[in-house]
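# Secondary and tertiary structure notes
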Amino acid sequence: MRLSFLQPLYAESGPFASVYLDTSRDVEQPDRAVALRWNRLRADLTRQGADRALLGVLEEAVGADAELPGMHGQAIFAANGALVLDGELPRPPARDTARYSTLPEAVPLVSQHLPEIPYLAVVVHYGGLPTAETHGWVRVEAEAGTWPASTVAPGERLHREEPVATWHHGAVRLGHRLDSWARRTHADAVVVGGDEWAGNVLVRRLPHALRSKVVRVRGATPTDTGRALLESQLDGVFRGRMAAHDRELVDVFIGRRALHGPVSEGLAATVAALQRGQVAALLLNRVPTAPLRLWTGPGPAQLALTEGELLACGVRAPREEPAGEALVRAVVGTAAELVVVPEDDLELAEGVGALLRYADRRPDGA
């Protein structure tokens, strides 16, 4: 998983206000509910030392997603009197939180982006009888997304309508267009819902490579919800899966480890590799949570297991921070990737490992 969407966050110096807020619209008087939640968080931030200017910036952003229907949330970050990042959450946070701290609290936002699987969703509707003599139609809507984040941030949508009489030929042309789109977005899957007959015609005429990625789903397929196409089916398709790109990185790690290649494993070795900007991909069995902490300096690669280590490197006044936040900042700041892999697939020492950009020289100089 690439964390480039967090780059604006770490381009700023702290302290940061990090707000996670349920802004769902599926309740009575949603604006009032959001305002009450924000008032509690505002009081909490005030107790933590946030100034009025910062609170005012946050207040302007709270509830700015009011046009988005259904259940969702906001992750809002501000620093130095300015809004830094306003991210949509596909699920409301488990609880509303506000933190004023040296590092932004980005881990909950990252967790809601995992496993970041790219896909195409295709809904095929038709009216009439599946014979050349009718005057019916086939209507297709398609959309590229990255699950789960795009369930509340739908992208560009394709609209296509074809007479039933020419649908067999039209499906060939559409299939090539979808194939090009899937290649461009590196889609792991093509999720197809809607009418069975018209959908079957399309699937059979897709290029072979794309056809192998098709997942058929059943159930209601509304296309006017203001949210992602096939939203209610996507969870069942992707829950528990890893993105194909992440799976490839895991396979590379397993192969390199077997051959004693350029990998690290365990917290100490991986932190040392992050310090050197050596990590191409950080692998975790789970995103670290409290009480695990690391010592940090102002730079993204300035992290260590002990305060003394940073002091010895010339870092003034190191601070102890949640390990997850320190690791995420280091990943973003060193242009690495993040892969969360279940222990059943790959058990890592202390739950941490890394693919390295280069191998350390051996003591014999080799």
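Residues numbered from 1 in each chain as written. Predicted model: local features only at pLDDT ≥ 70, side-chain atom pairs only at ≥ 80, totals over all residues. Heavy atoms only, no water.

## Some words on the environment of valine 107
This is how the line gets drawn: Starting at the N terminus, helices and strands are each numbered in turn, a helix being any DSSP run of H or I of at least four residues and a strand any DSSP run of E of at least two. Contacts are assigned to residue pairs with any non-hydrogen atoms lying within 4.5 Å of each other.
Tracing the backbone shows valine 107 in helix α4 (residues 107-113). Measuring from C-alpha to C-alpha, the distance between valine 107 and glycine 324 comes to 6.4 Å, with 217 residues separating the pair along the chain. The residues contacting valine 107, other than those within four sequence positions of it, are Val287, Gly324, Glu325 and Val328.

## Brief notes about the domain arrangement of the protein chain
We apply this condition: Domain limits in this description derive from either an automatic procedure or a database domain assignment. Accessible surface is computed with a 1.4 Å probe, and the buried area is the amount of it that two parts give up when combined, taken over both parts together. We count a salt bridge whenever a side-chain nitrogen from Lys or Arg sits within 4 Å of a carboxyl oxygen from Asp or Glu.
For the protein chain, the assigned domains read domain 1 (4-106), domain 2 (117-238) and domain 3 (244-356). Of note, the centres of domain 1 and domain 3, computed from C-alpha atoms alone, are 27 Å apart. At the interface, nine residues of domain 1 touch nine residues of domain 3. Summing both partners gives a buried area of about 780 Å² for domain 1 against domain 3, and 65% of it is carried by carbon and sulfur. Of all residues in domain 1, the largest losses of buried area upon contact with domain 3 belong to Tyr10, Thr102 and Leu103, amounting jointly to 62% of the total for that side. At the boundary of domain 1 with domain 3, the tally comes to one salt bridge.

## Considering the side chain of threonine 151
Quick note on the threshold: Working definition: with a 1.4 Å probe on protein chains only, accessible area under 20% of the residue-type maximum means buried, over 50% means exposed, and in between means partly exposed.
Here threonine 151 lies in the loop between β6 (137-147) and β7 (157-163). The exposure class of threonine 151 is buried, given its relative accessible area of 6%. Dropping the residues within four chain positions of it, threonine 151 is found in contact with Pro90, Arg227, Ala228, Glu231 and Leu234.

## Some points on the sheet that holds strand β13 (residues 303-304)
Backbone-to-backbone hydrogen bonds pair the strands of a sheet. The strands run either parallel or antiparallel. As a reminder, the rule being used: Any two strands with at least two DSSP bridges between them are considered paired. In this analysis an axis means a line fitted to C-alpha atoms, helices contributing only their contacting stretch, and an angle means the value between N-to-C directions, from 0 to 180 degrees.
On the basis of which strands lie adjacent, the open sheet formed by three strands has the order β13-β12-β14 and antiparallel pairing. At either end of the open sheet lies a strand with only one pairing partner, and these are β13 and β14 (319-322). Bridge count for strand β12 (residues 293-296) against β14 is four bridges, and the pairing is antiparallel. From the neighbouring strand, leucine 294 faces β14, where its bridge partner is glutamate 321. Lying on the sheet, helix α12 (residues 323-333) is in contact with β12, β13 and β14; it crosses β12 at an angle near 50°.

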